[in-house]
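# Close look at the chain arrangement
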Amino acid sequence: MGRLRAGDINGARRLGAMHCMRQKTIAIKPIAESADAPRAVAKPESNKTVFGNGRDVVQPAIFVPDGLELDAPNRCNGLLLLKELRSDSFPLCFFDPQYRGILDHQRYGNEGERQRARSEMRQMSEAEIRQFLQGIDRVLMPTGHLLFWTDKFHLCTGIGPWLTGTNLDIVDLIVWNKLRIGMGYRSRRISEYLVVMQKAPRRAKGVWALHDIPDVWDEKVTGNTPHAKPIGLQGRLIEATTNTRDIVLDPAAGSYSVLKACQRLNRGFLGCDIAG
């Protein structure tokens, strides 16, 4: 099969029957610790601690659909990518769905340039978000993590129903202080929220390698990309939940901030965006 083409949900269904006939196999090989291969190395464990130091899980070989490239942007519908991947393959996935719920709900009518740019991006329906979550649940390794970006509106109205029928459990929440004041009829928004989910079986010891990440993270993102996310925060979470040379998944990559974080940390990246 050639390069998967972007399309809407109906297009995804039409193309869904077309499976990749050729796949590239990428073996994930552990490497010795060295100065140029940073890795979370733990102190000797004590039976009295609940914290795990280091990771005891290993990513299996990854099968990359023909027409897509590792460590590069890909133009593709993320649902098609997820359908082509093997089950139980990835230790970590980021998902940043583009939804306009808070803007539609409050109907400001005076959106700035960044908000207008966001509104012009293709929006995901709740049904489509559920499809992504079900696909991510399938391809995550047992104990693997999903890092799910959301806003205050969806956090308050509840994202739990979106997880119905999956093996994903909400285990933590990180607040990103963007250091940039936003809109609001009452309080002015300055934060976004990263919901930390884990695929069963749920555990931290031997899976989550770092224990110095605060649950409120200050980081300013520069540039005019309307959907940009903090590379520093994402990088620390990648270090916490993957091994050196592991491959991180992002089926709705947007500005490819996860790719940039992986490049800094000697991790691989497989991701795409419908806009390229």
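Since we're looking at a predicted model, the values are computed, not measured.

Before going further, it helps to examine the packing of aromatic side chains. Evaluation of the coordinates by the stated rule reveals five aromatic pairs. A centroid spacing of 6.1 Å and a plane angle of 65° characterise the contact between F148 and W162, whose relative ring orientation is edge-to-face. Placement of F148 in strand β4 (residues 140-150) and of W162 in the loop between α6 (152-157) and β5 (168-177) is noted, with a sequence separation of 14 residues between them. Linked through ring pairs, F95, F132, F148 and W162 together constitute an aromatic cluster. If you follow K178 out to its NZ or CZ, it ends over the ring of W176, 6.0 Å from the centre.

Residues F95, L146, F148 and L249 are the most contacted members of the largest nonpolar core, which totals 33 residues. Those elements that provide at least two residues to this core are β2 (62-65), α2 (78-84), β3 (90-95), α5 (126-139), β4, β6 (191-199) and β8 (247-250). Not counting residues within four places of it along the chain, the set of residues in contact with F148 comprises F95, P97, Y99, I129, L133, I159, W162, Y193, L194, V195 and M197. Grouped together as the second largest cluster of nonpolar side chains are 28 residues, W208, W217, L233 and A261 included.

Low-pLDDT stretches of the model should not have their predicted coordinates read in fine detail. Mean pLDDT over the protein chain: 81, with 73% of residues reaching 70 or higher. Across residues 1-22, confidence stays below pLDDT 50; counting only partners more than four residues off in sequence or on other chains, it has 44 contacts. In this model, residues 31-45 is a region of pLDDT below 50 whose contacts with residues beyond four sequence positions or in other chains number 24 contacts.

Once that is clear, we can look at unusual backbone geometry. Cis rather than trans, the peptide bond between A200 and P201 has omega equal to 0°. Of note in this structure, R245 is not a glycine but carries a positive phi near 75°. As for its placement among the helices and strands, R245 is situated in the loop between α7 (231-241) and β8. The class of R245 is partly exposed, set by a relative accessible area of 42%. Here the phi dihedral of N266 falls at roughly 60°; this positive angle occurs in a residue that is not glycine. You can see N266 is positioned in the loop between α8 (257-264) and β9 (268-271).

Thresholds applied
- Residues numbered from 1 in each chain as written.
- Predicted model: local features only at pLDDT ≥ 70, side-chain atom pairs only at ≥ 80, totals over all residues.
- Heavy atoms only, no water.
- Phe/Tyr/Trp six-rings, centres within 6.5 Å; stacked < 30°, edge-to-face > 60°.
- Helix = DSSP H or I, 4+ residues; strand = E, 2+ residues; numbered from the N terminus.
- Lys NZ or Arg CZ within 6 Å of the ring centre and 35° of its normal.
- Core = buried A, V, L, I, M, F, W, Y, C linked by side-chain atoms within 4.5 Å.
- Buried < 20%, exposed > 50% of the residue type's maximum accessible area, 1.4 Å probe, protein only.
- Contact = heavy atoms within 4.5 Å.
- pLDDT = per-residue confidence, 0-100.

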